[in-house]
Amino acid sequence: MSDRNDPDVALETSEQVPPDEPVIEPEPQAEEPSRWQRAFREIVSGNAIISVLAVLLALVVGAVMIAFTDERVQSASAYFFARPGDTLAAIWDSVAGAYSALFQGAIYNFRRPDFASGIRPFTETLNFATPLIAAGLGVGLAFRVGMFNIGGRGQMLLAASAAGWVAFSLDLPFPIHMIVALIAGVVAGALWAGIAGLLKARTGAHEVIVTIMLNYVALYLVSWMLRTQGLLQAPGTNNPKTPPMKDSAIFFDLLGPRFNLHFGFLLSIGCVFLVWWILDRSSLGFQFRAVGLNPKAARVAGINVNRMYVYGMLISGALVGLAGVDQVLGTVTTGFSSGIDAGIGFDAITVALLGGSNPWGILAAGILFGAFKAGGFAMQAAEGVPIDIVLVVQSLIVLFIAAPPLVRAIFRLPQPGSKPKKRTRTTRKEEVAAK
């Protein structure tokens, strides 16, 4: 008898494959994204693209403001419906002329007869960027430790006062005089910022409040010294201003007297490498980053969090103090007043935010803001655009940097960490059917 007629075999076969149940087909394989797709997604979802797009959006809004404030655009818009082309041409001329003047005042002036004269605007940009890079590194390093150093103005004023006093009162040969003045300024900035770090470590005082209050203390202290003979005030005058710095203490020029770029720029570039090494290659930098990410977990891991707060503010103040030294020994060498900080202490916060607290990002952001400062004056002189437009653009950059979801929503960028939806044959058929 064959197995087909055996009832036991038939029963076993029916139990293995029920005739009433449908056969389930295997799920179609999903297509994995390619290497270039993954790289592109990482780029568009990262913080660097947010910074670039924030600058782009700020320039677009700035262009709208330039067009609205231009007199030619206003007169042409009076008969817009009769001749709309005149209004559009006036808008283009005003915006293109303003940004062209900004470029020629910050990067390269094509109207100059030779290359040396044409590249002079870029050296002005680097000169403006020099203290911004140093101060931005200080603020950015404090950010990485989890602290907000808002006291850049006070630290710059104390550093400038210490370096300036050494520069105009002592008689030392070059370059010893310059080095001593540099060290005095950096140490003064570090100690002034260290007060906030020590108070936070010992008493838990919030560094934002402390550094803001220290700004006012430093301002009134330096103002008093500038009005007091024997301290900072120049002898034989009642003006709150110091004597000029001695030649043996002044930073030397990098490209000769024709350009304003001085030795302070090389110091700022060196600080970029130093901060990068501290944060990414040293054990101290690892402790800084651990405290900045989660101080409670860092404390459990055996890191002295309070000591890191003090160290972080000391290094941060030293870097911001270098910006003050750059001002008195490189830019304003004929004597300074209480306005020597020139708003750099607060601009450094913007530079650090735009650079993402990364040394290389801060370098690029400092050069960008240096270009805004150098080109803003050229834009005002050549096209009559108010210098306040540049300040508005800088403020808008801060606004967009502080609101990454807004930038992602405008440009429809994916959220960071989100994974792309895998497409299968079924989903492709559904998409085709939906169309």
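- The chain goes by ABC transporter permease in an unreviewed UniProt entry, where it is assigned to Agromyces tropicus.

## Quick notes on the nonpolar core
Thought 1: Judged by nonpolar contacts, the single largest core of 95 residues is most densely connected at L137, F251, V291 and I397.
Thought 2: Per element, the largest residue contribution to this core is 11 residues, and it comes from helix α14 (residues 305-331).

## Here we look at empty space enclosed by the protein
Thought 1: Taken as a whole and judged by the stated rule, the model has 1 cavity of 30 Å³ or more.
Thought 2: One number sums up the size of the largest cavity: a volume of about 70 Å³.

## What to know about helix α7 (residues 120-144)
Thought 1: Spanning 25 residues, α7 covers 35 Å between terminal C-alpha atoms, matching the ideal 36 Å at 1.5 Å per step.
Thought 2: Its maximal kink placed at A129, α7 deviates by approximately 35 degrees, while the proline P131 follows within four residues.
Thought 3: With respect to burial, α7 is a largely interior element, 21 of its 25 residues being buried.
Thought 4: Phi turns positive, to about 90 degrees, at G146, one or two residues after α7.

## A short note on the side chain of H177
Thought 1: Relative to the elements of secondary structure, H177 occurs in helix α9 (residues 176-203).
Thought 2: Its relative accessible area of 0% is what places H177 among the buried residues.
Thought 3: With residues up to four places along the chain from it excluded, the contact list for H177 reads V166, A167, L170, L172, K246, S248 and A249.

## Thoughts on the pattern of salt bridges
Thought 1: The full count for this structure, using the stated rule, is 8 salt bridges.
Thought 2: With a closest N to O distance of 3.0 Å, D86 and R83 form a salt bridge.
Thought 3: Classification of D86 by relative accessible area gives partly exposed; the value is 24%.
Thought 4: Note that R120 and E124 form a salt bridge whose closest N and O atoms lie 3.5 Å from each other. In this pair, R120 and E124 both sit in helix α7, 4 residues apart, roughly one turn of the helix.

Reading the values: rules and limits
Residues numbered from 1 in each chain as written. Predicted model: local features only at pLDDT ≥ 70, side-chain atom pairs only at ≥ 80, totals over all residues. Heavy atoms only, no water. Core = buried A, V, L, I, M, F, W, Y, C linked by side-chain atoms within 4.5 Å. Buried < 20%, exposed > 50% of the residue type's maximum accessible area, 1.4 Å probe, protein only. Helix = DSSP H or I, 4+ residues; strand = E, 2+ residues; numbered from the N terminus. 1 Å grid on protein atoms, 1.4 Å probe; cavity = no way out; pocket = protein on both sides within 12 Å on 5 of 7 lines; lining within 4 Å. Points joined across faces, edges and corners; volume = space filled by probe spheres on them. Expected span 1.5 Å × (residues − 1). Bend = angle between axes of the 7 residues up to and from the residue. Contact = heavy atoms within 4.5 Å. Salt bridge = Lys/Arg side-chain N within 4 Å of Asp/Glu carboxyl O.

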